Amino acid sequence: MTKKVLIVDDSPTQLNHLRKMVEQAGHGALLAESGEKALIIATEERPDVILMDIVMPGMNGYSAARMLHRDETTRDIPLIFVTQKDGVADRDWGLRQGACEYLTKPVDPAELLSAIEAATS
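Attention here is on the structure that accompanies the text. Throughout this description, residue numbers start from 1 for each chain and increase along the sequence as written. pLDDT decides what is reported in this predicted model: residues at 70 or higher carry local features, side-chain atom pairs at 80 or more are listed and counted, and totals for whole chains, interfaces and linings draw on all residues regardless. With hydrogens and water set aside, each side-chain value is computed from the structure's full complement of heavy atoms.

What follows concerns the nonpolar core. Residues Leu6, Val8, Ile50, Met52, Leu68, Leu79 and Phe81 are the most contacted members of the largest nonpolar core, which totals 22 residues. Counting residues per element, the ones that place at least two in this core are strand E1 (4–8), strand E2 (28–32), helix H2 (35–45), strand E3 (49–52), helix H3 (61–70) and strand E4 (79–83). Residues contacting Val8, with those up to four places away along its chain left out, are Leu15, Ala32, Ser34, Gly35, Ala38, Ile50, Leu51, Met52, Asp53 and Met56. Listed in part, the 16 residues of the second largest apolar core include Ile7, Leu51, Val107 and Ile116. By nonpolar core is meant a set of buried Ala, Val, Leu, Ile, Met, Phe, Trp, Tyr and Cys residues that side-chain atoms within 4.5 Å join together. Per-residue accessibility, obtained with a 1.4 Å probe over protein chains only, is compared with the maximum for each type, and a residue is labelled buried under 20%, exposed over 50%, and partly exposed between these values. A run of H or I in DSSP becomes a helix once it reaches four residues, and a run of E becomes a strand once it reaches two; helices and strands are each numbered from the N terminus. The contact criterion used throughout is that any non-hydrogen atoms of two residues lie within 4.5 Å.

Within the fold, Asp53 resides in the loop between E3 and H3. Polar contacts, as counted here, are pairs of nitrogen or oxygen atoms within 3.5 Å of one another; within protein the pair requires one atom able to donate a hydrogen and one able to accept it, and residues that are adjacent in sequence qualify only if both atoms are side-chain atoms. For Asp53, the side chain forms a polar contact with the side chain of Lys105, separated by 3.4 Å. Not counting chain neighbours up to four residues away, the residues in contact with Asp53 comprise Val8, Asp9, Asp10, Gly61, Phe81, Val82, Thr83 and Lys105.

Before going further, it helps to examine H3. When H3 is considered as a whole, its buried residues turn out to be Gly61, Tyr62, Ala64, Ala65 and Leu68. In a view along the axis of H3, the buried residues occupy a sector of 160°, so they form one face of it. The inward-facing, buried residues of H3 contact H2, E3, E4, helix H4 (88–96) and strand E5 (101–104). Sitting at the amino-terminal end of H3 is Asn60, which places a side-chain oxygen 3.0 Å from the backbone nitrogen of Tyr62. Our arc is simply the arc of the directions from the helix axis toward the C-beta atoms.

Looking at the element boundaries, Lys3 is found in the segment before E1. For the purpose of charge, His is not counted, nor are the chain termini; Lys and Arg are scored as positive and Asp and Glu as negative. Within this document, salt bridges are pairs made up of a side-chain nitrogen of Lys or Arg and a carboxyl oxygen of Asp or Glu, the two lying within 4 Å of each other. Although Lys3 is buried, it makes no salt bridge; Glu117 carries the closest opposite charge, 4.5 Å away. Setting aside chain neighbours within four positions, we find Lys3 in contact with His27, Gly28, Asp48, Ile116, Glu117 and Thr120.

Turning our attention to the sheet that holds E2. Pairing is parallel across the open sheet formed by five strands, whose spatial order is E2-E1-E3-E4-E5. If you trace the sheet from one side to the other, it starts and ends with E2 and E5, each paired once. Strand-to-strand twist across the sheet, computed as the mean angle between neighbouring axes with direction ignored, equals 20°. Pairing between strands is defined by DSSP: at least two bridges between the two strands are required. Summarising the sheet, E4 and E5 pair through four bridges and their orientation is parallel. When the sheet's bridge partners are listed, Val82 is paired in E5 with Leu103. Across the sheet, helix H1 (residues 12–24) touches E1, E2, E3 and E4, and the angle it forms with E2 is around 165°. Every axis corresponds to a line fitted to the C-alpha atoms, with the helix fit spanning only the stretch in contact, and the corresponding angles, defined between N-to-C directions, vary from 0 to 180 degrees.

The next thing to look at is the pairing of E3. With burial as the criterion, each face of E3 is covered, one bearing Val49 and Leu51 and the other bearing Ile50 and Met52. When E1 meets E3, the two strands line up parallel, connected through four bridges. From the neighbouring strand, Val8 faces E3, where its bridge partner is Met52. One ladder, built from three bridges, connects E3 with E4; its direction is parallel. Paired with Ile50 across the strands is Leu79, a residue of E4.

What follows is the structure in structure tokens.
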């Protein structure tokens, strides 16, 4: 089943890389370069799942995740952190912010698609 996936990353290279993985699996991709844009797109488009970087200028991924989960419109959208922050404390904190999964870059395509499937089923 085709999913609508919101990809949030301040790196155009990472956005494109993740978009290709998602689209090659037959899903649709929405792109946001910041946490602030992610909040707007998530509210307007209601994606099936959000892939969120953590380290971004302005609103970071942790803050965006908290805002999404406080909003009645977006609180039930599953969120997967996709980040270079690979510490145990980072992972624990990310999951405490409401993420259902925490993947580190470079992300394995099979692992990413499996996480998307698990989050949306």
